Amino acid sequence: MNEIRAMGRAWMEVDEDALLYNYRLAKSLCRADTAFICVVKANAYGLGLRRTVETLHEAGAAWFAVAAPEEAYIVRRAVPDAHILLMGPAGEEELPFLIQEDISLTIGTVPDAERASAAAAALHKNALVHVKLDTGLHRLGFTNIKETLKIKDLPGLTFEGIYSHLALRSREQSMEQERQFTAFADALAAGGLRPPMRHLVDSIGLTRYPEWQMDAVRVGAFLYGNVPVSWERFSEGKNVVTFKARVTRVDWVRAGEGVGYDDTPLSRDTRVATLSVGYIDGYPRCLSHKGFVALHGKRAPVLGLVCMDQMMIDVTDIPAAQVGDAVTLLGGEIDLREYAKWGDLNRNECLGVIGRRVPRVYFRDGKIVYVAAEMDAITE
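None of the values given here were measured: they were computed from a predicted structure. For every chain, the first residue of its written sequence is number 1, and the numbers climb from 1 along that sequence. Per-residue local features of the predicted model are confined to residues with pLDDT of at least 70, and side-chain atom pairs are confined, for both listing and counting, to 80 or more; whole-chain, interface and lining totals are unaffected and use all residues. With hydrogens and water excluded, all non-hydrogen atoms of the structure serve as input to the side-chain values.

### Concerning the environment of Ala189
Stated precisely, the cut-off is as follows: By definition, any uninterrupted DSSP run of H or I lasting at least four residues is a helix, any uninterrupted run of E lasting at least two residues is a strand, and each is numbered from the N terminus. Whether a residue is buried, partly exposed or exposed follows from its accessible area with a 1.4 Å probe, protein chains only, as a fraction of its type maximum: under 20%, in between, or over 50%, in that order. Every residue pair with non-hydrogen atoms within 4.5 Å of one another is taken to be in contact.
Secondary-structure assignment places Ala189 in helix H9 (residues 171-190). The class for Ala189 is buried, based on a relative accessible area of 18%. Linking Ala189 and Leu149, residues 40 residues apart in sequence, is a C-alpha distance of 9.5 Å. The residues touching Ala189, leaving out its near neighbours within four places in the chain, are Arg194 and Arg198.

Shown next as structure tokens:
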């Protein structure tokens, strides 16, 4: 798809210069000997997995983390020499591919380790393993030293790393997690399980607790413009994503009428513009009556309920609004933090839910360098 077609309905603009700037900014917070793991799960937080991985790899990124085996497959095809960590569980039927492709597995239970060991034996090839410890997030991982040590002598496992994840509920709780992680890992080392790479912090953890970098950091949200607001330098981060759509109709609706599926009567005669985007494209329905979009340097409120494929806005006070105009839904004049607050949304969610049928249009130096359209092209 060329850029004219891609930008005909609704589309995402990805500023690769901003992406690379954020990557270098985050890396500048790390020691030279700290491995930098780019977290690219969830289709690279919505940006498009393959293109994002290729762009970061060209800039020097060597490690990538994903959540699902399918994502690992895409990264391996995009960057054959990458180190890839699968942070989520893998089904037994997926293990042969993952092991054959040198995808590092996360192991958080003895059965996990036994299945990986058996699959490795069948392939006559060792499985790369990162041991996950549960220190308070209570999502995945070992909780008992004795139980964890049961996996140390299983054949076919190469113990590459050991890690945990901060819950970030409070500083006190984070400090307790770091203490538990260090004590747990030290006890395992004393028992003979000594993976060389320890890692604990993510984007927020890196900015709050830079002294806990250990051997590696895992950075995702920071790369994509969602720089932690608790960081005193958060304003240095750059917006990467702009979500846009076209105006397809402009007409007057009389006071007392409703708009779309909404039965709330208009309080005045209102000039209503229809946009070619809806909740299935990733504009949240919860922003009905709450959200604003940007058009001709002004803000227009969302009118009525956001529909599956379309939505309406009030352009009474924007007389220049006309069919064909490009409207900014997110990014640019519509800040990610403000957008998320309108709908009580997670900021990563705001990017990640932008639909697969929305083309991604990538820019460098203000010029379009690549277009990915349709689900298969975005993730192939």
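### Quick notes on the environment of Pro284
Looking at where Pro284 falls in the secondary structure, it is placed in the loop between strand S11 (270-275) and strand S12 (292-295). Under the relative-accessibility criterion, Pro284 is labelled buried at 14%. Separated by 20 residues in sequence, Pro284 and Gly304 have C-alpha atoms that sit 13 Å apart. When neighbours within four sequence positions are excluded, Pro284 is seen to be in contact with Val306, Tyr339 and Leu345.

### A short note on a nonpolar patch on the surface
Here is the rule we go by: By definition, no residue in a patch forms a salt bridge, and every one has over 30% relative accessible area; like charges are joined within 9 Å, nonpolar side chains (Val, Leu, Ile, Met, Phe, Trp, Tyr) within 5 Å. Reported accessibility uses the Shrake-Rupley method at a 1.4 Å probe radius. Residues are deemed covered only where the shown protein chains occlude them. We define a salt bridge as a contact between a side-chain nitrogen of Lys or Arg and a carboxyl oxygen of Asp or Glu at a distance within 4 Å.
Judged by side-chain polarity, Tyr279, Ile280 and Met308 come together as a nonpolar surface patch covering roughly 260 Å² of accessible area. Residue placement: Tyr279 occurs in the loop between S11 and S12.

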